[in-house]
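Given next are the chains, with one letter for each unit.
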Amino acid sequence: MSDQQTNPVISIKNLSVDFALRRGPFRAVSDVSFDLYPGKTLCLVGESGSGKTVTGRALMQIISKPGVIVEGSISLVKPDGATVDIAQLDPRGKEIREFRGGDIAMIFQEPMSSMSPVHTIGSQIIEAILQHSKMSKAEARTRTIELLASVDISEPELAIDRYPFEYSGGMLQRAMIAMALSAEPRILIADEPTTALDVTTQAEILDLVKRLQVEHGMAVLLITHDMGIVAEVADEVVVMRHGKIVEHRSVDDMFHDPQHAYTKQLLASTMKLEAGAANAAKAVDDKAKPILSVRNLSKFYGTEKNGVQAVDDVSFDLLPGKTLGIVGESGSGKTTLGRLILRIVEPTTGAVSYRDRDGQDVDVIGLNKKRLRDFHADVRLIFQDPYASLNPRMTVREIIGDPLLVNGRLRGEALKDKVTELLDLVGLEPEVMERYPHAFSGGQRQRIGIARALSLEPRVIIADEATSALDVSIRSQILDLLLDLQKRLNLSFVFISHDISVVRYFCDDVLVMHYGKLVESGTAEQICTDPQQAYTKSLISAVPNPDPRNKRMMHRTRFDVTAN
Amino acid sequence: MLRYIIRRILYMIPTMIGISFLTFMIIQLPPGDFLTTMLAYIADSTQGGITEALEQKMRVQYGLDKPLIVQYWKWISGIVFRGDFGPSFGWGVPVSQLIGDTMGLTLMVSLCSLIFVWGVSLPIGIYSAVNRYSATDHLFTLIGFLGLAIPNFLLALALMVFGYSVLGVRVGGLFSPEFMHVDWSWDKFVDLLGHIWIPVIVIGTSGTAALIRIMRANLADELEKPYVVTARAKGLPEWKILFKYPVRIAMNPFVSTIGWILPSLISGVTITAIVLNLPTSGPILIQALIAQDMYLAGSFIFLLSILTLFGMLISDILLALLDPRIRFN
């Protein structure tokens, strides 16, 4: 472990947390120990279900029911040198409330749902200030405006009276940070604070946290699943799995000399995406005619006075057997573009042309309802959220067989055989057929979603953020599955994603979108290593680099919208 | 906010016109008219009945020979321009005179029931949501389902028996006989309070049970939301977290229930009023409908619909006050 001249501000020793379930207690956190030091950042890394969030919440005793701390101590060192064991305090008592939001503050993953939608930002921050100091309301308001200004929120005098839904995600996360800092805490727990944000916003928020940490000398516990972020900001790293610590190292040792097999695996799946060599061997006839051709596609929402140009004059070609990536931040119009191609949303102007199995060009925009259905059988969609996109009341067999049944292609025994074949194709056992989606993990559900998309033997698949909701190791598995399927079934992909490393790994060509416009296009390698446009440069350089010796994000190119 | 309210009130105008037209249509729907009913009655009581010519003369006299649209215009223009709801054929007096007293009492009973429903279901709903699956929660659930399952009139009968045999009070009606036909005074008001609790409980019980369930389910959902964790992480005391955040947001559907609870209370009043012999509008409305006393029935239905509309308006305004997201759209 790294050398420490100073004493820890908080020591966690042998912490265990149980959740009382009907089947008996479930140990979510088991025998976890670590220390936090002033001015230092400790990253708690793990995949979903590893117990990292529960550990973070245990530090303030705000674990949701029915979780309880059953063992261990959380010794907080007060400024006067005395220590308090937070684990021994009554979670509903007066004493612990002094520490919550006082000495220890927390920011959360989803800024939109972590603030009450019906109270102003100001009211929620002022309340936190009044809880921990003896200020008058007017003084607290002045202090709130100062805090908002310190987290770079413009016009804080006006912003204080706004409601959360009037803020963007990044602005709201800044306000959350302002709230957390209101009582000048000595420990900041940040639970996936940037997971819901765009990569450039993520970089800004991490910058902000770093700056404030240096100013106030706070100890930061950053909970994340993103190894890139870890490399950029961590001093020490704790890797958790199944509620236990598997490795606890300095950040440099962790990346350059991992010991535990699980850490190695985690790093390997991250590095694999960085490499981007997956498509090198793919030989595609460049003279082939495009299977999908989009010309001057535009979509305008709203009225002339008050409208949004969601997609603005976008043209591209998708060659058979190739993968085209569409990257952009939220609001860039990438999802709308995918829907326009399928005519789930009707385009305002433009043309989409599809080359069918017989080599005939089909004008997609002019198709009637029945012909559009045939087009939809050839061009399928895979969705982002594997939890929401499968009907929980249908068995896997019904889910996968549904498109075939609806199109009247197969029924009965033949349908069952086809489902078996499809399950095999996506690497699932045929036995799972009669089970319901809740019995599967996120990765398995996404496999089911892919099997469903493949059931009509499509030629093009539009995948909208298909791997965003998955853990990093699962993510690369799903990507490999898609690559394998592409080779075997000669599929063409349109891959919509905000995740540059995934796009780099998976795509042949990349389109970069910003405010509905096509900013840049090129091969994946060229866009990722040698971007030409200012916006693309800022986007690429904001991606955290999983190498602590080469911190890319901190030296990133900033893109000013007004300057362009 | 003011603009929102004005807009909502403007929207009510076409709705009111639609309602007035519909109610007039509905009371015309059964075959025949008031005269047919009256003639049948006369034919029963005098053996011979009356002549064709006399019937035609009466029809002209009552204005029933005119086309429907003319009858409608006569009715609605009277209401709008002169506050005149037309005559009651059956009672032989202006409708407004008949309605005046009973409508006020109906409103009184309904409002008291609404306050009772809210006053009881809000705290119980909150308690049940916070202490889900505790013994007390189960008890409230049991009582709630009983309240939902027992028909109003049965509860009314049970309470009447209970009041008479155990408490020894004369139940039924809203006033003791000595106050029945005298002007309003303090004593009369006190007398009213002594009587009104039975109909209020009878009418309010099923609504209370329904709202307890709604509040419990809403709040239970909100209690798990991330903003509650945020509030807890600020160090707020549990009661403050509860009332400032989840309860406030769980109130949304609660408030919008005024819209539908008002008409259901009023229709509940009808059945209960008959059983308990209350001088409210319900029994008169039933009689008017049976006798096809069209101006009386129409005016009642129209006024009740208007009340419902105002209930909706109040709930919409309250919602906008509670939830900025509604205010801003």
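Note that the structure is a prediction, hence the values are computed from the model and not measured.

Each value, and the rule that gives it
Residues numbered from 1 in each chain as written. Chains lettered and ligands numbered in written order. Predicted model: local features only at pLDDT ≥ 70, side-chain atom pairs only at ≥ 80, totals over all residues. Heavy atoms only, no water. Helix = DSSP H or I, 4+ residues; strand = E, 2+ residues; numbered from the N terminus. Buried < 20%, exposed > 50% of the residue type's maximum accessible area, 1.4 Å probe, protein only. Contact = heavy atoms within 4.5 Å. Areas by Shrake-Rupley, 256 points an atom, 1.4 Å probe, with all protein chains shown as cover. Lys, Arg positive; Asp, Glu negative; His and termini not counted. Charge placed at Lys NZ, Arg CZ, Asp CG, Glu CD. Rg over C-alpha atoms; globule rule 2.2 N^0.38 Å. Domains from an automatic or database assignment. Axes fitted to C-alpha atoms, helices over the stretch in contact; angles between N-to-C directions. Parallel < 35°, antiparallel > 145°, perpendicular 65-115°, else oblique. Left-handed = near helix turned anticlockwise from the far one by under 90°. Nonpolar A, V, L, I, M, F, W, Y, C, P; charged D, E, K, R; others polar. Pairing = 2+ DSSP bridges. Buried area = accessible area lost by both parts, 1.4 Å probe. Salt bridge = Lys/Arg side-chain N within 4 Å of Asp/Glu carboxyl O. Polar contact = N/O pair within 3.5 Å; in protein donor to acceptor, adjacent residues only side chain to side chain. 1 Å grid on protein atoms, 1.4 Å probe; cavity = no way out; pocket = protein on both sides within 12 Å on 5 of 7 lines; lining within 4 Å. Points joined across faces, edges and corners; volume = space filled by probe spheres on them. pLDDT = per-residue confidence, 0-100. Core = buried A, V, L, I, M, F, W, Y, C linked by side-chain atoms within 4.5 Å. Patch = residues over 30% accessible without salt bridge, like charges linked within 9 Å, V, L, I, M, F, W, Y side chains within 5 Å. Phe/Tyr/Trp six-rings, centres within 6.5 Å; stacked < 30°, edge-to-face > 60°.

**Some remarks on the overall build of chain B**
Logical step 1: Looking only at helices and strands, chain B features 14 helices and zero strands.
Logical step 2: Counted from the first residue to the last, chain B has its helices and strands arranged as α-α-α-α-α-α-α-α-α-α-α-α-α-α.
Logical step 3: Dimensions of chain B along its principal axes, counting C-alpha atoms only, are 85 × 55 × 40 Å.
Logical step 4: Burial analysis of chain B (329 residues in total) assigns 46% to the buried set.
Logical step 5: Restricting the contact set of chain B to residue pairs at least 6 apart, pairs at least 24 apart contribute 75%.
Logical step 6: Surface summary for chain B: the accessible area is close to 16700 Å², and the carbon and sulfur share equals 71%.
Logical step 7: Charge-centre separation for chain B: the mean point of 21 positive side chains lies 14 Å from the mean point of 19 negative side chains.

**A look at the overall build of chain A**
Logical step 1: Each helix and strand in chain A was counted, giving 20 helices and 20 strands.
Logical step 2: Radius of gyration (C-alpha) of chain A: 26 Å, near the 24 Å computed for a compact globule of 564 residues.
Logical step 3: In terms of overall dimensions, chain A has a C-alpha envelope of 80 × 55 × 45 Å along the principal axes.
Logical step 4: Looking at chain A residue by residue over its 564 residues, the buried ones come to 55%.
Logical step 5: Sequence separation of 24 or more characterises 68% of the internal contacts of chain A that already satisfy a separation of 6 or more.
Logical step 6: Total accessible area on chain A stands at roughly 24500 Å², and carbon and sulfur atoms take up 48% of it.

**Description of the domain arrangement of chain A**
Logical step 1: Assigned domains of chain A: these are domain 1 (115–184) and domain 2 (292–530).
Logical step 2: Using C-alpha coordinates to define each centre, domain 1 of chain A is positioned 41 Å away from domain 2 of chain A.

**Topic: the packing of helix α12 (residues 281–291) of chain B against helix α13 (residues 294–322) of chain B**
Residue and element names in this part refer to chain B.
Logical step 1: Across the interface, α12 lies against α13 with an axial gap of 8 Å and an inter-helix angle of 135°. Considering the angle they form, α12 stands oblique to α13. In this structure, α12 crosses over α13, and the sense of that crossing is left-handed. Contacts between α12 and α13 involve S281, I284, L285, A288 and L289 from the former and L296, A297, F300, I301 and L304 from the latter.
Logical step 2: Along the lines of polarity and charge, the residues of the contact of α12 with α13 split into nine nonpolar, one polar and no charged.

**A short note on the sheet that holds strand β11 (residues 292–302) of chain A**
Residue and element names in this part refer to chain A.
Logical step 1: Pairing is antiparallel in the open sheet, where four strands are placed in the order β12-β11-β14-β15. The strands lining the two open edges of the sheet, one partner per strand, are β12 (307–318) and β15 (361–363). Adjacent strand axes in the sheet meet at a mean angle of 25° when their direction is disregarded.
Logical step 2: Docked against the sheet, helix α12 (residues 334–342) engages β11, β12 and β14 (349–355), running at close to 115° with respect to β11.

**A short note on the interface of chain B and chain A**
Logical step 1: The interface is formed by 23 residues belonging to chain B together with 28 residues belonging to chain A.
Logical step 2: Summed over both sides, the interface between chain B and chain A buries roughly 2300 Å², with carbon and sulfur atoms accounting for 63% of that surface.
Logical step 3: Remark: the boundary between chain B and chain A carries two salt bridges.
Logical step 4: The salt bridge involving K234(B) is made with E127(A); its shortest N-O contact spans 2.7 Å.
Logical step 5: Scanning the region where chain B abuts chain A turns up 13 residue pairs in polar contact (both at pLDDT 80 or more).
Logical step 6: Those elements giving two or more residues to the side of chain B that touches chain A turn out to be α9 (226–233), α10 (238–244), α11 (246–276) and α14 (324–328) of chain B.

**With respect to the layout of surface pockets**
Logical step 1: Its boundaries defined by the atoms lining it, the second largest pocket holds a volume of some 1100 Å³.
Logical step 2: Lining the second largest pocket are 31 residues, and of these I63(A), S64(A), K65(A), R92(A) and R232(B) lie nearest its centre.
Logical step 3: Of all the secondary structure elements, the ones that give two or more residues to the lining of the second largest pocket are β1 (10–21) and β4 (67–77) of chain A together with α5 (95–130), α9 and α10 of chain B.

**Observations concerning the confidence of the model for chain A**
Logical step 1: Confidence in the prediction for chain A averages 87 pLDDT; 96% of positions are at 70 or higher.
Logical step 2: For chain A, the element scoring lowest by mean pLDDT is helix α11 (residues 261–275) of chain A, at 84; strand β7 (residues 187–191) of chain A scores highest, at 95.

**Observations concerning the nonpolar core**
Logical step 1: Among the nonpolar cores identified, the biggest contains 146 residues, and I10(A) and L36(A) are the most heavily contacted of them.
Logical step 2: For this core, the element with the highest residue contribution is helix α7 (residues 169–181) of chain A, accounting for eight residues.
Logical step 3: If you count residues domain by domain, this core takes at least three from each of domain 1 (115–184) and domain 2 (292–530) of chain A.
Logical step 4: Every residue in contact with I10(A), bar those within four places of it in the chain, is listed here: F34(A), D35(A), L36(A), L59(A), I74(A), S75(A), L76(A), I104(A) and I187(A).
Logical step 5: The next biggest cluster of nonpolar side chains, apart from the first, holds 34 residues, and it includes I284(B), L296(B), L304(B) and I306(B).

**Topic: a nonpolar patch on the surface**
Residue and element names in this part refer to chain B.
Logical step 1: Taken together, the side chains of L139, L142, I143, L146, I150, F153, L154, L157 and I271 define a hydrophobic patch exposed on the protein surface, amounting to about 810 Å² of accessible area.
Logical step 2: Among the secondary structure elements, those contributing two or more residues to the nonpolar patch are α6 (135–149) and α7 (152–167).
Logical step 3: At four residues, α6 tops the list of elements feeding residues into the nonpolar patch.
Logical step 4: Considering the arrangement of structural elements, one finds L142 in helix α6.
Logical step 5: Residue classification places L142 among the exposed residues on the basis of a relative accessible area of 52%.

**Some points on α12(B)**
Logical step 1: By the burial criterion, the buried members of α12(B) are S281(B), G282(B), P283(B), I284(B), L285(B) and A288(B).
Logical step 2: The first or second residue beyond α12(B) is Q292(B), which carries a positive phi of 55°.

**Looking at the packing of aromatic side chains**
For any two aromatic rings, the description comes down to two numbers: the centre-to-centre distance and the angle of the planes.
Residue and element names in this part refer to chain B.
Logical step 1: Going through the model one piece at a time under the given rule, you end up with 12 aromatic pairs over all chains.
Logical step 2: For the ring pair W75 and F302, a centre distance of 5.8 Å and an interplane angle of 65° mean the geometry is edge-to-face. Placement of the pair is W75 in helix α4 (residues 68–82) and F302 in helix α13, with a sequence separation of 227 residues.
Logical step 3: Judged by its relative accessible area of 8%, F302 falls in the buried class.
Logical step 4: Consider the rings of Y127 and F140, whose centres lie 6.2 Å apart with planes at 80°: the pair is edge-to-face. Of the two residues, Y127 is situated in helix α5 and F140 in helix α6; the sequence distance between them amounts to 13 residues.
Logical step 5: Taking the relative accessible area as the measure of exposure, F140 reaches 22% and is therefore partly exposed.
Logical step 6: Joined through ring pairs, the aromatic side chains of F21, F24, Y72, W75 and F302 make up one cluster.

**Examining the sheet that holds strand β9 (residues 236–241) of chain A**
Residues and elements named next belong to chain A.
Logical step 1: Strands sit in the order β6-β7-β8-β3-β9-β10 across an open sheet of six strands; the sheet is mixed. Pairing within the sheet leaves two strands with one partner each, and these edge strands are β6 (104–107) and β10 (244–250). When strand polarity is set aside, the average angle formed by the axes of neighbouring strands in this sheet is 15°.
Logical step 2: Contacting β6 and β7, α7 crosses the sheet at an angle of about 170° to β6.

**Re the environment of V494(A)**
All names here are of chain A.
Logical step 1: Tracing the sequence through the fold places V494 in strand β18 (residues 492–497).
Logical step 2: In this structure, the C-alpha to C-alpha distance between V494 and N14, residues 480 residues apart in sequence, is 48 Å.
Logical step 3: Look past the residues within four positions of V494 in its chain and what remains in contact with it is L318, L324, I326, I461, I462 and A463.

**Some remarks on unusual backbone geometry**
All names here are of chain A.
Logical step 1: Phi at N296 takes a positive value of approximately 50°, unusual for a residue other than glycine.
Logical step 2: Within the secondary structure, N296 is located in strand β11.
Logical step 3: Phi is positive for R343, close to 60°, though the residue is something other than glycine.
Logical step 4: On the basis of relative accessible area, R343 is assigned to the buried category, the value being 13%.

**Structural notes on the side chain of R57(A)**
Logical step 1: With respect to the helices and strands, the residue R57(A) is situated in helix α1 (residues 52–58).
Logical step 2: One buried charged residue, R57(A), forms no salt bridge at all, with the nearest opposite charge on D191(A) at 4.5 Å.
Logical step 3: The contact partners of R57(A), leaving out residues within four places of it in the chain, are I62(A), I63(A), M106(A), F108(A) and V229(B).

**Overview of the pairing of strand β13 (residues 323–327) of chain A**
All names here are of chain A.
Logical step 1: For β13, the tally of buried residues reaches five of five residues, placing the bulk of the element in the interior.
Logical step 2: Alternating positions in β13 separate into two faces, T323, G325 and V327 on one and L324 and I326 on the other, with burial throughout.
Logical step 3: The pairing of β13 with β18 spans five bridges and is classified as parallel. Across the sheet, the residue bridging to G325 is F495, located in β18.
Logical step 4: Here β13 pairs with strand β19 (residues 509–514) via four bridges, running parallel.

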